[in-house]
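Per-entry structural report
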Amino acid sequence: MLALVSISALAQAPGPNLRPNAASTPRQIPASPPPMGWSSWNSFSNTIDSNIVVQQTKALVSSGLKDAGYEYINIDEGWWLGKRDANSNMIVDPHQWPALRAGETAGDMANIVRFIHSAGLKAGIYTDAGESGCSFYGPDLGPPMAHTGSEGHYEQDFLQFANWGFDYVKVDWCGGSRENLDPAVQYAAVARAIARAETITGHRLYFSICNWGNNSPWTWAPGISGVTADIWRTSGDIVAPIVANTPNGSRRATFAGVLTNFDQGIHPHAQHTGYYNDLDMMVVGMPGLSDAQNRAHMSLWAMSGAPLIVGADLRTLTESTRAILVNPDVLAVDHDSLGLQAIKVDEPQPGIQVWTKPLSTAGAHAVLLLNRTATPAPISVRWNAIGLDSTLPATVKDVWSGRELRSYSSTYTLTVPAGDATLLIVRGTDAIPMPYEAAAPTNQLAAAATPQPCNSCRSGRSVKVGGEGSLTFLVQPIHQSSFVRIRYLNPGEIPVIGQLSVDGQLPTNILFPPTGPDDDIGIITIEVEPSQSEQSSKLSFSCASPNLSFESISVLPDAH
Ligand code: GLA
């Protein structure tokens, strides 16, 4: 209490060298990371039960995956056979989900959640947005199960999941699709039911949307119904489940399938500030892929910043697969706190590709040299194509070998084997972007948007857009995929969601976490897609919450 009094006295009577309300240095606001964990579907299909979950939970810990950051144990389809009691509560089979210790009741999903939590992990569950789920319309193993969806019971079911203690819920779309429902409408209702369950229980439920890219979820899923973090599938299943000793045990994962899901998952303008494209559960370590293909698969997911949900049976991981899954440098690329997805910056001939994304450390960029052709090929990355000052040297690290290579000037070239990829970290000096000040007279302000004094802003002013205003920056024409850095202020206590529309295209929701009460500036980075505009591009920000204002934006240099 005494300390508080003296600090406030100081603030009211600053000495000659103290600026009143002087804000701290602008800071990067980390995006909440994509989820990491294991899911039952790829290796167990709808044979899932308590025993399998217990064994996989133990294996996730003993294999070292937990220590590497994998934290979710996700129970997919097959856990519920579609039965409800007279009050419409979901009923589960007590043999499939028995008591796991004295005092527990068989047929209570809280038992398995308790076990997963006792291992220091988080638990995920699954349902369908429609009336009946995939196990009715196209069961993989076993008979069709009707009424395996949550339609008509969203509030009840999501509250039930939270009450059981689940931390994550995947919501599938087989029923929704068969009933011709609108996914943007249904998933918004699901998001509201989840928010309600979170409010009632105080328990967080991470939202995983699974409608395989239908109706372009990247246009409506980020921040749907105000959620502060979520993922959405962008494609069909990477592989049909491969369950040992069953009729589907001879299926094989393919690298072609991996590449297809990667390609379909690239929507970088929607992936930022904690919202992620979901390329599907991984097939690393499943039958069909070589070690090199497992590495390339992991590299692609890391460049995408994708959710890393392992589909392999964790009890039978080989040492090389295990090492691939826990490689700390690769996981750091995936989980980089800018939360961005890579963009393709070069394809000098079909199938020879250079992908890149900036990392949160100044001057650091992840680069993937991808050779999709049938012959080995030299692939070059140019410093100016990834946003570095090409007049200065940069060092190169080969991520999988862990080797720090020497310093190179302006470009680095490597021969990449056929059907393979090389993951690099390039560290140099970022080219300096030109800032566009929010309060510049060239910008367009609408409705309640107003310039206001800002101690910590370079121009001394920011522009408040919060409360239905809008601010349109006029910037150099954006003719290629570009990263944009945003310096903003949110003095409130909770994140706000704003909208950005580029040259009149569909807006995307952007999360603006609190930056602090004293003109503190936060920095986030997003990606914008090219447009046709000739003279200048228009980046329009708006926000219904009253708290958001902008200092400036800059378009990161990138010559492609
Ligand atoms: C869909 C999903 C899969 C899995 C199955 C279960 O196909 O895309 O990830 O959940 O349903 O049937």
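Given the structure is predicted, the values throughout are model-derived calculations rather than measurements.

Observations regarding the sheet that holds strand S24 (residues 470-475)
- Read from one edge to the other, the open sheet built from five strands follows the order S21-S24-S29-S26-S27, with strand pairing classed as antiparallel. At either margin of the open sheet sits one strand with a lone partner, and together these are strand S21 (444-446) and strand S27 (508-512). Adjacent strand axes in the sheet meet at a mean angle of 25°, parallel and antiparallel pairs treated alike.

Looking at the packing of aromatic side chains
- Counted under the stated rule, the structure contains 21 aromatic pairs.
- Taken together, a centroid distance of 5.6 Å and an interplanar angle of 15° make the contact between Tyr168 and Tyr206 stacked. Of the two residues, Tyr168 is situated in strand S7 (residues 168-172) and Tyr206 in strand S8 (residues 206-209); the sequence distance between them amounts to 38 residues. There is no split in this pair, since Tyr168 and Tyr206 are both buried.
- With centroids separated by 6.3 Å and ring planes inclined at 45°, the aromatic side chains of Tyr187 and Phe207 adopt a geometry described as tilted. One end of the pair, Tyr187, is in helix H9 (residues 183-201); the other, Phe207, is in strand S8, with 20 residues separating them in the sequence.
- For Phe207, a relative accessible area of 2% corresponds to the buried category.

Considerations on the packing of helix H10 (residues 255-264) against helix H11 (residues 291-304)
- Packing of H10 against H11 leaves a shortest axis separation of 10 Å and a crossing angle of 5°. Comparing the axis directions of H10 and H11 gives the class roughly parallel. Side by side, H10 and H11 meet where Phe255, Val258, Leu259, Asn261 and Phe262 of the first sit next to Gln293, Ala296, His297, Leu300, Trp301 and Ser304 of the second.
- Along the lines of polarity and charge, the residues of the contact of H10 with H11 split into seven nonpolar, four polar and no charged.

Remarks on helix H12 (residues 319-326)
- For H12, the complete set of buried residues consists of Thr321, Ile324, Leu325 and Val326.
- Check the buried side of H12 and you find it contacts helix H4 (65-68), H11, strand S11 (308-310) and helix H13 (328-334).

Some remarks on the site of the ligand
- The ligand sits among Trp41, Asp76, Glu77, Tyr126, Cys134, Lys170, Asp172, Cys210, Trp212, Arg233, Asp237 and Met281.
- At 2.3 Å from an oxygen atom of the ligand is found a side-chain nitrogen or oxygen belonging to Glu77.
- Arg233 places a side-chain nitrogen or oxygen 3.3 Å from an oxygen atom of the ligand.
- Protein chains bury 92% of the 310 Å² of accessible surface belonging to the ligand in isolation.
- The residue inventory of the shell around the ligand, partitioned by class, reads six nonpolar, no polar and six charged.

Some words on the environment of Gly363
- Considering the arrangement of structural elements, one finds Gly363 in the loop between strand S13 (352-358) and strand S14 (364-371).
- The class for Gly363 is buried, based on a relative accessible area of 4%.
- As a C-alpha pair, Gly363 and Gly175 span 188 residues in sequence and 47 Å in three-dimensional space.

A word on the side chain of Gln341
- Looking at where Gln341 falls in the secondary structure, it is placed in the loop between H13 and strand S12 (343-349).
- A polar contact is formed between the side chain of Gln341 and the side chain of Ser304, at a distance of 2.8 Å.

As for the sheet that holds strand S16 (residues 393-398)
- Strand order in this open sheet of six strands is S12-S13-S14-S19-S16-S17, and the pairing throughout is antiparallel. On the outer flanks of this sheet lie S12 and strand S17 (403-409), each paired with one strand and no other. On average, each strand axis in the sheet is inclined to that of its neighbour by 25°, with strand direction left out of account.
- Inspection of the sheet shows S14 paired to strand S19 (residues 420-427) by eight bridges, in the antiparallel sense. Among the inter-strand pairings, His365 is bridged to a residue of S19, identified as Val426.
- Here H11 sits on the sheet and contacts S13, S14 and S19; the angle it forms with S14, its principal contact strand, is near 135°.

Overview of the pairing of strand S28 (residues 522-528)
- With seven of its seven residues buried, S28 lies for the most part within the structure.
- Two elements, strand S1 (residues 27-28) and S28, share two bridges in a ladder whose sense is parallel. The residue of S28 that forms the bridge with Gln28 is Ile523.
- As judged from the seven bridges shared by strand S25 (residues 482-489) and S28, these two strands associate in the antiparallel manner. The partner of Val484 across the bridge, within S28, is Ile526.

Cut-offs applied
Residues numbered from 1 in each chain as written. Predicted model: local features only at pLDDT ≥ 70, side-chain atom pairs only at ≥ 80, totals over all residues. Heavy atoms only, no water. Pairing = 2+ DSSP bridges. Helix = DSSP H or I, 4+ residues; strand = E, 2+ residues; numbered from the N terminus. Axes fitted to C-alpha atoms, helices over the stretch in contact; angles between N-to-C directions. Phe/Tyr/Trp six-rings, centres within 6.5 Å; stacked < 30°, edge-to-face > 60°. Buried < 20%, exposed > 50% of the residue type's maximum accessible area, 1.4 Å probe, protein only. Parallel < 35°, antiparallel > 145°, perpendicular 65-115°, else oblique. Contact = heavy atoms within 4.5 Å. Nonpolar A, V, L, I, M, F, W, Y, C, P; charged D, E, K, R; others polar. Near = heavy atom within 4 Å. Polar contact = N/O pair within 3.5 Å; in protein donor to acceptor, adjacent residues only side chain to side chain. Areas by Shrake-Rupley, 256 points an atom, 1.4 Å probe, with all protein chains shown as cover.

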